[in-house]
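Chain and residue survey
Read off the chains here:
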Amino acid sequence: MMDASRLSFLGARGLARLRDARIAVVGAGGGGSHIVQQLAHLAVAHLHVVDPDDVERSNVNRLVGATYHDVARNKATVLAERFAALGGSLYPTVGRAEEDGVRSLLQTCDLVFGAVDRYRARDNLERICRTALVPYIDIGLTIVLSRRGAVDGIGGQIVSSVPGGPCLRCLGVVTDENIARDREGYVAGDPEPQVVSMNGLLASQAVTGALALLTSFTGNFLLPPHLIYDGLEHTLRPNAFTPEGLCPHYPLAEAGWRYVLQVKHPS
Amino acid sequence: MLRWFASLWGWVFGAPDSVAAPLESMQRLHITRATYQELHARVQPRIERGEPLALLLVRFAAESRQVLVAVGVIPMPETAYVSGPDGANFDTRAVVELANRHLASNTGILLVHSHGGVGRPDFGDIDRRTNTEIMAKLAIGIDTAPYGAMVLSRDSATIVAVRDGALVEADLVVVPSFGSSGILA
């Protein structure tokens with residue numbers, strides 16, 4: 001049982017909410033491992049860690065909780081095992097969000113975090129969550145290098161995508177172009193630069209946002225839907241151009257399973 | 001105790017590579033805060049209507065049917081109320097007609113009313129009879145849309161929805177809403 005004496009600011013109802021919460025983290029890599037670690041420390045009642053991949057040697061410098069002894073073991077399993085004794089329950093799922101069983105699992109959650117590499121995966125995850133009216137928090141970090149290997153830019157995002165509000169497409173985080181680029185990059189197999197410290201910064205803010213959503217600890221605090229990280233300027237700012245109004249991509253009235261019955265009339 | 005045993009097992013024999021997630025036979029209703037507030041407003045007693053009824057439009061989130069999502073609120077049409085001995089009497093044809101109209105988009109209906117007060121409300125005897133004899137029967141032969149009922153208090157709710165032919169309780173999950181300047185938890 002977690003000692004919550006230093007968490008009294010979350011309020012009795014907020015703590016009860018955490019004790020009952022069902023949260024999934026999709027992507028147990030550089031960003032996701034920080035999120036899993038923090039949620040485990042908060043003793044979230046049901047914490048599902050989803051990742052199909054195994055730990056590689058090149059991951060260990062940023063995969064919180066993993067060591068070189070874990071190479072070739074599934075990431076989700078390693079994290080669930082490592083953070084298991086902190087008071088909550090962790091459940092590793094070896095699979096992808098698009099698989100039927102995993103999708104159903106995500107849709108029964110109170111909140112889903114996405115810390116995945118690819119834009120198509122982000123897009124799919126958000127669609128799964130919006131269909132079931134499940135809030136989705138997405139984090140991502142991109143370090144852009146010049147041809148000579150110098151740092152050209154460091155950008156990141158934390159998107160809190162709630163039903164009705166702006167989605168990753170409204171905010172320009174996911175576009176058809178970057179999904180296509182994604183595919184090209186994947187084919188080329190370029191290793192993308194990442195670093196533990198910046199992943200941790202984005203993950204910490206994402207978990208703080210989740211606490212605000214789940215416990216309302218800040219009263220009538222309004223969480224910005226989109227925070228933009230600039231690693232060269234050392235800033236984390238709300239997107240000043242967040243679209244107002246309801247999301248046109250996922251209208252609330254169209255949530256749920258809308259398979260339309262095919263009625264055949266006798267001719 | 002079970003967890004202690006599991007850790008001892010893991011320590012002695014090594015942890016399993018994949019642990020099954022707890023996919024209980026749970027049923028949940030996900031509703032945005034804005035829709036929930038609208039629902040409350042629709043069933044508040046008024047001078048002209050002491051116990052107003054509302055119909056919550058719901059769909060399954062997916063084929064698994066574990067999660068219901070609320071997609072809209074319709075007040076019970078004024079023409080559907082009929083006089084009778086109980087608090088709120090209505091012509092069932094109005095509900096059947098609405099159910100039929102929304103079925104093509106896999107949309108079902110929860111019949112909603114309020115008992116006021118605070119704490120977890122319970123369905124009364126007449127409510128239970130209505131749930132069994134009307135709402136559960138709407139689901140006969142239909143597995144693409146959910147049907148059931150919901151009773152509200154000021155700070156809680158009790159929900160039943162048909163699952164495998166029987167009315168089963170569902171947990172209420174109120175989802176944060178989006179306002180013009182950000183997300184209100």
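See the structure printed just above.
We now turn to the structure provided with this report. All values reported here derive from a predicted model rather than from experimental measurement.

So, on to the state of the cysteines. Residue and element names in this part refer to chain A. As enumerated under the stated definition, the model contains 0 disulfides over all chains in all. Take Cys129: it sits in no disulfide, and the sulfur closest to it among the cysteines is that of Cys109, at 8.2 Å. Classification of Cys129 as buried rests on a relative accessible area of 1%. Here Cys167 is not cross-linked by a disulfide; its sulfur's nearest cysteine counterpart is in Cys170, at 3.6 Å.

All names here are of chain A. Relative to the elements of secondary structure, Thr235 occurs in strand β9 (residues 235-238). The class for Thr235 is buried, based on a relative accessible area of 18%. Once residues within four sequence positions are removed from consideration, Thr235 is found in contact with Ile228, Tyr229 and Asp230.

Two quantities define a packed helix pair, namely the angle between the axes and the distance from one axis to the other. Residues and elements named next belong to chain A. Across the interface, helix α4 (residues 100-107) lies against helix α5 (residues 119-131) with an axial gap of 9 Å and an inter-helix angle of 55°. Between α4 and α5, the crossing angle belongs to the class labelled oblique. Viewed along their axes, α4 and α5 form a crossing whose handedness is right-handed. Here α4 contributes Arg103, Leu106 and Gln107 to the contact with α5, which in turn contributes Leu125, Ile128 and Thr131. Residues that form the contact of α4 with α5 fall into these classes: 3 nonpolar, 2 polar and 1 charged.

Basis of the calculations
Residues numbered from 1 in each chain as written. Chains lettered and ligands numbered in written order. Predicted model: local features only at pLDDT ≥ 70, side-chain atom pairs only at ≥ 80, totals over all residues. Heavy atoms only, no water. Disulfide = S-S within 2.5 Å. Buried < 20%, exposed > 50% of the residue type's maximum accessible area, 1.4 Å probe, protein only. Helix = DSSP H or I, 4+ residues; strand = E, 2+ residues; numbered from the N terminus. Contact = heavy atoms within 4.5 Å. Axes fitted to C-alpha atoms, helices over the stretch in contact; angles between N-to-C directions. Parallel < 35°, antiparallel > 145°, perpendicular 65-115°, else oblique. Left-handed = near helix turned anticlockwise from the far one by under 90°. Nonpolar A, V, L, I, M, F, W, Y, C, P; charged D, E, K, R; others polar.

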